[in-house]
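What follows is the residue order along each chain.
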Amino acid sequence: MLPKISIDNVLRIFLALNQYPILSRRIRSRMRRELYVRGIITKENLDGETRKKGIESQVREGVHNPLEEEQADVWETRLLRIRDSLTDFYYAHNMPYEDFENLVLQVLTERGSPDTDFVWFNPELAPQEMIFEQAEMIESMPPEERKKYEARLKELKVVLIRTMVSDQLKYIKIARKWLTVGDLKEIRARKIGSGKVGGKAAGMLLAMRVIKETAPAEIAARFRIPVSYYLGSDVFYNFLNHNDMMHWNGQKYKSDDEIRADYPTLRQEFIGGTFPVEITESLERILQEAGGRPLIVRSSSLLEDNFGTSFAGKYDSVFLPNQGSSDEKISALTSAIAAIYASVFNPDALTYRHLKDLADYDERIGILIQFVEGEKTGRYYFPHAAGVAFSRNLYRWSPQIKQEDGFLRLVFGLGTRAVDMVADDYPRLVALSHPRLHSTSDVRAIKRYSQQSVDVIDLEENSFATIPVREALDADYPALRFIAQLQEDGDLKPIRSRLASPEKMVVTFDGLLSRTPFAESMRTALKLLETHYKSPVDTEFALEVVNPDERPEVQITLLQCRPQSHMKDGAEIEIPEDLDDEDIIFSTHTMVPQGAVENIQYVLFVPAEGYFKLQSQNERAQLERAIGQLNAALKDQKFIAVGPGRWGTSTPDLGVHVAYSDIYNSRALVELAGEEIGASPEPSFGTHFFQDLMEANIYPLGVFLDDDKTIFKRDFFYKTPNRLADFISVDNPRALNALRLIAVRDYRPNRHLDLIMDAQQSYAVAFLVGEGKPAAAEDAPISAPPFGLE
């Protein structure tokens, strides 16, 4: 009788083979086949024994309810290892050593030709390790052989994407084509805990792969993503369980008043929560790698950055200077994560989910932890520039601007000032078809509406800070001449001397846009992303000017990418040529979108005089609540809102401070600007608030009162009776003076308003129409060419 294999020999051989997991998987599969054929054990008995020993091992580890307490992927990994161990045992005790040697040699000679031994299994139930091994094996095959397994590879990648990245079908359809097995392994290596990485991380990773694969080599080399780690979405529920806070999970089904009343307490409880030890240890390893480099902790929910639901600005992001002791750093990091978890239940986010019919979706939230892009300048840390970029320019301030070439909101320093409407400050608006074209040729206006403050990380104070631009720019700043110009003799000139005064510097980015390949690179990348997403996109980015004193280059760090919010397609519209001036209520030529709102019955109007006389934050909060109540009361009426400055600004001195949840039933938000109001004609295009308007089909429109061509009928807005009391009650007299509701029929009986906006002519007009007289297509926003997935 031939000698049996010694267990020592089996262990020795497999210790070597385990360095090649795909090969060892094939050998063990062949070993099991031999065991079944020779009748040593049946497949059913091996599976039964594997399951029995799996449950026994769970019990030894303290799992008291083995069939329910362990996650499916952990259970499958457990079974895989036990099945392999039993295979080794039965083969070693029942088969000759020579047979084992022959089997190994046969498998080795078959390497690269898996037809004879391809292991078919259900990837929906298999451990991730097993899926990765087979996917890598297919990717490594010669091209001709790989063709036979392309469908299988696609299936494996879809399962990995759906379980690790995102379960959104439109995303998966694109990602399965572009993401490689190597990309997915990198995600797994940087993921903490189980669950998905969420929408924000998913969009960034997919966009980077598309650019690397499709852009010309010199452009692709200019793009990168930041050092990133991912906290899996299941950690959110682990956190709730660990801190006995699952009772908060039903907030989305409470009334608006209850949600708002509960949120301060909820947030405080979350920030006071702790994390399981294994999560904290993983976070500490990230901090060790970062050293003293600042971090940003960002939400990455399962619904974020999806087609039609961007969730822009709904959940928190937190900058961490990451200074101080190890205990201080880990405390700051865990508190930031907990605060973002709490923001899942903030009133605006829950309102948004209800409006999008997503309240019943299990919205677990992943966390994206990134090293902040930038450099140390004195006590501060910030990038040369940052901003948001759109593949479609929905607002053209000149007929020569091409919509399809894209648009940027560009700022000096951290990109927060590009996505939020803040203080008396303005980003540089860049039409990528004509990068150096300002929205005005008046040098004084360019300076007035330029960036005045910069967001930075103060390393000494260990805090996020906002400082004057002149404090961040000096003659020794490396990228100075690419960021700013000098105002001299009524003109803007390049900075050529180290003696230039910061007081005369104006942030224009003209040097960056004219002397580097930045604009060309962004335009090319955005076009490619739109092509392969089959939808317009918007991105967030940070920018470094490389070799500023020699041959300047740029390094663009992609922070985020998602489908661009846009209006729904509609029928063609035309502005009537024979409009009577008496019928025109207002008109504008300032950055006009394309579309129409017909049959407007009411106009919600916030007079500048009354608004800016409100004396306290409490009075402004009363006005905000009144607007929200009116918005709800008018849900079955067609109305638009008109007010001073920027709707949705975070700075009440610059406009009407409302949230999306206060205004979502309006069909247009008209922003009045001019010297008497003290507001800029620069629209909210590109901000988080703007994304909400686009998704809800609400038009933002600027009316610049200082423009000689503008029409604004003051009698309509100020002398028509106020119908506010017909819908809501306002107790504060000053708040009452800051809000008017105008019924169009009160100004002229049997009339309604039509608002027609023609982007091609850069002309928008709201005019009176007799009842029963159509003027334009019903709510007919235009997007050309059509957007969206095919």
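What comes next is a walk through the structure. For clarity, every value in this text was computed on a predicted model and none was experimentally measured.

1. Let's talk about the environment of isoleucine 698
Here's step 1: Position of isoleucine 698 relative to the elements: it lies in the loop between helix H27 (688-695) and strand E24 (699-704).
Here's step 2: Placed 32 residues apart in sequence, isoleucine 698 and serine 666 show a C-alpha to C-alpha distance of 6.7 Å.

2. Brief notes about the sheet that holds strand E13 (residues 463-468)
Here's step 1: Sheet architecture is open: four strands sit in the order E7-E8-E12-E13, paired in antiparallel fashion. Bordering the open sheet on either side are strand E7 (375-377) and E13, each of which pairs with just one other strand. On average, each strand axis in the sheet is tilted by 45° relative to the strand beside it, whichever way the strands run.
Here's step 2: Two strands pair when backbone bridges link them, and E7 and strand E8 (residues 380-382) are joined in this way by three bridges, in the antiparallel orientation. Paired with lysine 376 across the bridge in E8 is tyrosine 381.

3. Here's the deal with the pattern of salt bridges
Here's step 1: By the definition in use, this model includes 38 salt bridges.
Here's step 2: The salt bridge involving glutamate 136 is made with lysine 185; its shortest N-O contact spans 3.0 Å. One end of the pair, glutamate 136, is in helix H7 (residues 128-139); the other, lysine 185, is in helix H11 (residues 181-189), and 49 residues separate them in sequence.
Here's step 3: Using a relative accessible area of 29% as the deciding quantity, one classes glutamate 136 as partly exposed.
Here's step 4: When the shortest N-O distance is used, the salt bridge between glutamate 460 and arginine 379 registers 3.7 Å. Taken as a pair, glutamate 460 in the loop between strand E12 (453-458) and E13 and arginine 379 in the loop between E7 and E8 lie far apart in primary sequence, 81 residues in all.
Here's step 5: Residue class for glutamate 460 comes out exposed when judged on its relative accessible area of 61%.
Here's step 6: Judged by relative accessible area, which is 28%, arginine 379 ranks as partly exposed.

4. With respect to the side chain of arginine 740
Here's step 1: The topology assignment puts arginine 740 in strand E26 (residues 740-743).
Here's step 2: Reaching out from arginine 740, the side chain makes a polar contact with the backbone oxygen of phenylalanine 717 at a distance of 2.6 Å.
Here's step 3: Excluding anything up to four places from it in sequence, arginine 740 contacts Val603, Leu604, Phe605, Pro607, Phe717, Tyr718, Lys719, Thr720, Pro721 and Asn722.

5. Some remarks on the nonpolar core
Here's step 1: Ranked by internal contacts, the top residues of the largest apolar core, which has 90 residues, are Val165, Phe412, Leu473, Phe509, Leu512, Phe518 and Met522.
Here's step 2: Ranked by residue count, the leading element in this core is helix H12 (residues 199-214), at nine residues.

6. Focus on the packing of helix H9 (residues 150-164) against H11
Here's step 1: Two elements in contact, H9 and H11, have axes separated by 11 Å at closest approach and are oriented at 25°. When the axis of H9 is compared with that of H11, the two are roughly parallel. With respect to the hand of their crossing, H9 and H11 are arranged in left-handed fashion. Side by side, H9 and H11 meet where Leu153, Lys157, Leu160, Ile161 and Met164 of the first sit next to Val181, Leu184, Ile187 and Arg188 of the second.

7. Re the environment of serine 433
Here's step 1: Mapped onto the elements, serine 433 comes out in the loop between strand E11 (428-431) and helix H20 (443-448).
Here's step 2: Looking at serine 433, the relative accessible area reads 18%, which means it is buried.
Here's step 3: For the pair formed by serine 433 and lysine 402, sequence separation is 31 residues and the distance between their alpha carbons is 5.7 Å.
Here's step 4: Polar side-chain contacts of serine 433 include one of 2.9 Å to the side chain of histidine 434.

8. Description of the sheet that holds strand E16 (residues 505-507)
Here's step 1: In spatial order, the strands read E15-E14-E16; together these three strands make up an open sheet with antiparallel pairing. Edge positions in the open sheet fall to strand E15 (491-493) and E16, since each of these has one partner strand only. Within this sheet the neighbouring strands show an average axis-to-axis angle of 45°, counted without direction.

Parameters at a glance
- Residues numbered from 1 in each chain as written.
- Predicted model: local features only at pLDDT ≥ 70, side-chain atom pairs only at ≥ 80, totals over all residues.
- Heavy atoms only, no water.
- Helix = DSSP H or I, 4+ residues; strand = E, 2+ residues; numbered from the N terminus.
- Pairing = 2+ DSSP bridges.
- Axes fitted to C-alpha atoms, helices over the stretch in contact; angles between N-to-C directions.
- Salt bridge = Lys/Arg side-chain N within 4 Å of Asp/Glu carboxyl O.
- Buried < 20%, exposed > 50% of the residue type's maximum accessible area, 1.4 Å probe, protein only.
- Polar contact = N/O pair within 3.5 Å; in protein donor to acceptor, adjacent residues only side chain to side chain.
- Contact = heavy atoms within 4.5 Å.
- Core = buried A, V, L, I, M, F, W, Y, C linked by side-chain atoms within 4.5 Å.
- Parallel < 35°, antiparallel > 145°, perpendicular 65-115°, else oblique.
- Left-handed = near helix turned anticlockwise from the far one by under 90°.

Take it as geometry only, folks, not as evidence of what the structure does.
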